[in-house]
Amino acid sequence: MEATIVTILALLFLSFVALGVFVTVKAVKAAKRGVDRTIDQARRTVEDTTLRAKSLGQTGAAGELARLRLSLRTSMRATQEALQAGVGEDASLKESLDLFHRLSAHGLELDDDLKRLEREPDRSWVSGQLPELAARTARITGSADALRRAARDRALKFAEDDLSALSAQIDVEAGALRHWTGPEHAPGAAGATGGATHGTTGTGSPTGQHGRTGPRAQDERSAITAPDPRRTTYSWEKSARPETTT
């Protein structure tokens, strides 16, 4: 019996240790992914800033290469963000995202070529390569822009259709709310009610104009004369203690 208890306790201890190791590993991996994303984002920001400075401050082949790289990176990043954000709500964008991944391979290859040419010492030869590189950049960025704009137009169309359907439903509901004619407002019911009212209204009747009594008359008087604040009680006040007669 004691051996069984010891075995169970040992198994529980090992289970807790294994669970702790698993949670620790998951937390470390998540932290590492977060750090990697932060480093990648910082590196992209620095590189984009450098390319923007070169494109504005340098002339000739160096400035043109920087402009091509900056245009390529900006277009590809904007398209990637748009497609990834929309694919969660529209499954049809998955095929567009797959096409973008194939296009990204060509974009990365072009970016590597442009990066290598930045270190090329023969500037005259680089200048001769610029027309072909500009054409490749225009084709890739044009395809990326087409995907991004089509996804945006699709999202706007769905939003417009949903808004139109919602507006139609609201119009129907508003019309139903304004349709207050019911059996109690029918002409016959109104005449019967009017007859009953005239039959019971008089100077000395309980429902007469000058002899009203009951809760409604009291409510009308209280609306004119404010209640005595000394008689007003609140739920958070303490109840009054009865006076002692000793």
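The following paragraphs examine the structure supplied in this document.

What counts, and at which threshold
Residues numbered from 1 in each chain as written. Predicted model: local features only at pLDDT ≥ 70, side-chain atom pairs only at ≥ 80, totals over all residues. Heavy atoms only, no water. Helix = DSSP H or I, 4+ residues; strand = E, 2+ residues; numbered from the N terminus. Buried < 20%, exposed > 50% of the residue type's maximum accessible area, 1.4 Å probe, protein only. Contact = heavy atoms within 4.5 Å. Areas by Shrake-Rupley, 256 points an atom, 1.4 Å probe, with all protein chains shown as cover. Core = buried A, V, L, I, M, F, W, Y, C linked by side-chain atoms within 4.5 Å. Axes fitted to C-alpha atoms, helices over the stretch in contact; angles between N-to-C directions. Parallel < 35°, antiparallel > 145°, perpendicular 65-115°, else oblique. Left-handed = near helix turned anticlockwise from the far one by under 90°. Nonpolar A, V, L, I, M, F, W, Y, C, P; charged D, E, K, R; others polar. Salt bridge = Lys/Arg side-chain N within 4 Å of Asp/Glu carboxyl O. Patch = residues over 30% accessible without salt bridge, like charges linked within 9 Å, V, L, I, M, F, W, Y side chains within 5 Å.

Of regular secondary structure, the chain possesses six helices and zero strands. For the chain, the succession of helices and strands along the chain, N to C, is α-α-α-α-α-α. Counting the 246 residues in the chain, one finds 18% classified as buried. In the chain, the proportion of contacts linking residues at least 24 apart, taken out of those at least 6 apart, comes to 61%. Accessible surface computed for the chain: about 19100 Å², of which carbon and sulfur atoms make up 60%.

Our next topic: the nonpolar core. L65, M76, L110, L114, L133 and I140 are the most contacted members of the largest nonpolar core, which totals 20 residues. With sequence-adjacent residues up to four places away left out, I140 is seen in contact with L72, M76, L103, H106, G107 and L110.

A separate point is the packing of helix α3 (residues 93-118) against helix α4 (residues 123-178). It is the contact of α3 with α4, at a shortest axis distance of 10 Å, that shows an interaxial angle of 160°. Comparing their axes, α4 and α3 come out roughly antiparallel. Regarding α3 and α4, the two cross each other, and that crossing is left-handed. Residues L93, S96, F100, L103, H106, G107, E109, L110, D113, L114, L117 and E118 of α3 touch α4, and the partners they reach there are R123, W125, V126, L133, R136, T137, I140, S143, A144, L147, A151 and R154. Its residues assigned to classes, the contact of α3 with α4 comprises 13 nonpolar, five polar and six charged.

Let's shift gears to the pattern of salt bridges. For side chains of opposite charge, pairing can occur when their charged atoms come near one another. Applying the stated rule across the entire model yields nine salt bridges. In this structure, D113 engages R116 in a salt bridge whose closest nitrogen and oxygen atoms are separated by 2.1 Å. Of this pair, D113 and R116 both sit in helix α3, separated by three residues, roughly a single helical turn. The class for D113 is buried, based on a relative accessible area of 18%. Here R116 falls in the partly exposed class, since its relative accessible area comes to 47%. Here the salt bridges do not stand alone but share partners, grouping R69, D111 and E118 into one network.

A grouping of I5, I8, L9, L12, F16, L19, F22 and V23 is seen on the molecular surface, where their side chains present a nonpolar patch of about 810 Å² in accessible area. If you trace the backbone, L12 turns up in helix α1 (residues 2-57).

Running from N to C, helix α2 (residues 60-87) and α4 point in directions that differ by 15°, and their axes come no closer than 9 Å. Taken as axis vectors, α2 and α4 run roughly parallel relative to one another. Seen from above, α2 lies across α4 with left-handed handedness. Looking at side-chain class alone, the contact of α2 with α4 contains 16 nonpolar, six polar and four charged residues.

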